[in-house]
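Secondary and tertiary structure notes
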Amino acid sequence: MATSKAKAAAKSVAKGSPINIGISDKDRSAIAAGLSKLLADTYTLYLTTHNFHWNVTGPMFNTLHTMFMVQYTELWAAVDPVAERIRSLGHVAPGSYAQFSALSSLPDAPATPPKALEMVRILVEGHEAVARTARSIFPLADKASDEPTADLLTQRLTVHEQTAWMLRSLLED
């Protein structure tokens with residue numbers, strides 16, 4: 001009996017405990033919504049990059065196959081910190097294909113694999129789009145003095161801008 005009362009009390013406290021981290025509910029909600037879009041963009045780009053890793057062909061196969069593996073591995077590692085920041089702000093992180101599709105600014109990977117350099121162009125556009133999404137959250141984080149989110153965004157921007165530059169370099173004559 002005492003065990004069930006203790007469990008009920010713990011559940012009640014956990015469910016009803018207000019979050020008091022110095023960021024208002026409204027600001028936490030707005031930041032979490034922005035981060036949800038970033039998570040969806042990141043996951044969509046991860047899937048596209050992994051798809052291209054599997055399906056790339058042509059004279060640049062070895063280079064692109066390896067490069068895409070490095071990129072999708074980095075993207076896979078990036079989704080967890082974004083989702084955990086959403087949770088730290090007291091919100092549920094999206095996690096279904098339907099949610100990601102609704103939230104993402106990126107199109108899904110083409111049904112038919114494109115040629116290698118078209119893959120590169122699509123990934124450049126994807127990394128630039130994710131960078132724009134990350135950058136759009138900065139004013140919210142800045143207004144709320146949300147340094148952990150600002151730090152996360154800075155890290156993501158660094159990766160996406162650098163990756164876009166490296167991929168873009170492959171498209172030059």
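All values derive from a computational prediction rather than experimental measurement.

Right, let's talk about the overall build of the protein for a bit. Secondary structure summary: the protein contains six helices and zero strands in total. Across the protein, helices and strands are ordered from the amino to the carboxyl terminus as α-α-α-α-α-α. Of all 173 residues assigned to the protein, the portion counted as buried reaches 39%. Considering only residue pairs separated by 6 or more positions, the protein has 81% of its internal contacts joining residues 24 or more positions apart.

To continue, consider unusual backbone geometry. Apart from glycine, the bulk of residues carry a negative phi angle, and the bulk of peptide bonds sit in the trans form. Of note, Ser 145 is a non-glycine position whose phi angle comes to about 55°, a positive value. Mapped onto the elements, Ser 145 comes out in the loop between helix H5 (116-143) and helix H6 (147-170).

Before going further, it helps to examine the side chain of Thr 48. Turning to its location among the elements, Thr 48 is positioned in helix H2 (residues 25-55). Apart from the residues within four sequence positions on either side, Thr 48 is in contact with Pro 107, Asp 108, Ala 109, Ile 122 and Leu 123.

Along the polypeptide, His 65 turns up in helix H3 (residues 61-88). Residue classification places His 65 among the partly exposed positions, given a relative accessible area of 25%. Residues His 65 and Trp 54, eleven residues apart in the sequence, show an inter-C-alpha distance of 7.4 Å. Ignoring sequence-local partners within four residues, the contact set of His 65 consists of His 53 and Val 56.

Turning to H5, a few remarks are in order. Owing to its 3.6 residues per turn, the α-helix brings residues three or four apart onto one side. Along its 28 residues, H5 runs 42 Å from first to last C-alpha, staying within 8% of the 40 Å computed at 1.5 Å per residue. Within two residues after H5, Ser 145 carries a phi angle of roughly 55°, on the positive side.

Tallied over the entire structure, the rule returns seven aromatic pairs. Arranged with centres 6.3 Å apart and planes meeting at 55°, the rings of Tyr 43 and Trp 76 form a pair that is tilted. Taken together, the residues span a long stretch of sequence, with Tyr 43 in helix H2 and Trp 76 in helix H3 at a distance of 33 residues. Here Tyr 46 and Tyr 72 contribute two aromatic rings whose centre-to-centre distance is 6.2 Å and whose plane-to-plane angle is 75°, an arrangement assigned as edge-to-face. Highlighted residues: Tyr 46 in helix H2 and Tyr 72 in helix H3, separated in sequence by 26 residues.

Counted by the stated rule, this structure contains eight salt bridges. Residue Arg 121 is joined to Glu 125 by a salt bridge in which the shortest nitrogen-to-oxygen separation is 2.3 Å. Here Arg 121 pairs with Glu 125, and both are found in helix H5, just four residues apart, close to one helical turn. Look at Glu 125 and you get partly exposed, because its relative accessible area is 42%. Bridged by salt links that share partners, the residues Glu 118, Arg 121 and Glu 125 form one connected network.

At a closest axis distance of 8 Å, the pairing of H2 and H3 adopts a crossing angle of 160°. When the axes of H2 and H3 are compared, the pair comes out roughly antiparallel. Read as a crossing pair, H2 and H3 show a hand that is left-handed. Class assignment of the residues belonging to the contact of H2 with H3 gives a composition of 18 nonpolar, seven polar and one charged.

Right, let's talk about the nonpolar core for a bit. Membership of the largest hydrophobic core comes to 38 residues, with the highest contact counts inside it found for Leu 35, Leu 38, Leu 39, Phe 68 and Val 82. Breaking this core down by element, the ones donating at least two residues are H2, H3, H5 and H6. Residues contacting Leu 39, with those up to four places away along its chain left out, are Val 79, Val 82, Ala 83, Ile 86, Ala 93, Pro 94 and Phe 100.

Basis of the calculations
Residues numbered from 1 in each chain as written. Predicted model: local features only at pLDDT ≥ 70, side-chain atom pairs only at ≥ 80, totals over all residues. Heavy atoms only, no water. Helix = DSSP H or I, 4+ residues; strand = E, 2+ residues; numbered from the N terminus. Buried < 20%, exposed > 50% of the residue type's maximum accessible area, 1.4 Å probe, protein only. Contact = heavy atoms within 4.5 Å. Expected span 1.5 Å × (residues − 1). Phe/Tyr/Trp six-rings, centres within 6.5 Å; stacked < 30°, edge-to-face > 60°. Salt bridge = Lys/Arg side-chain N within 4 Å of Asp/Glu carboxyl O. Axes fitted to C-alpha atoms, helices over the stretch in contact; angles between N-to-C directions. Parallel < 35°, antiparallel > 145°, perpendicular 65-115°, else oblique. Left-handed = near helix turned anticlockwise from the far one by under 90°. Nonpolar A, V, L, I, M, F, W, Y, C, P; charged D, E, K, R; others polar. Core = buried A, V, L, I, M, F, W, Y, C linked by side-chain atoms within 4.5 Å.

In short, shape yes, function no, at least from these values alone.
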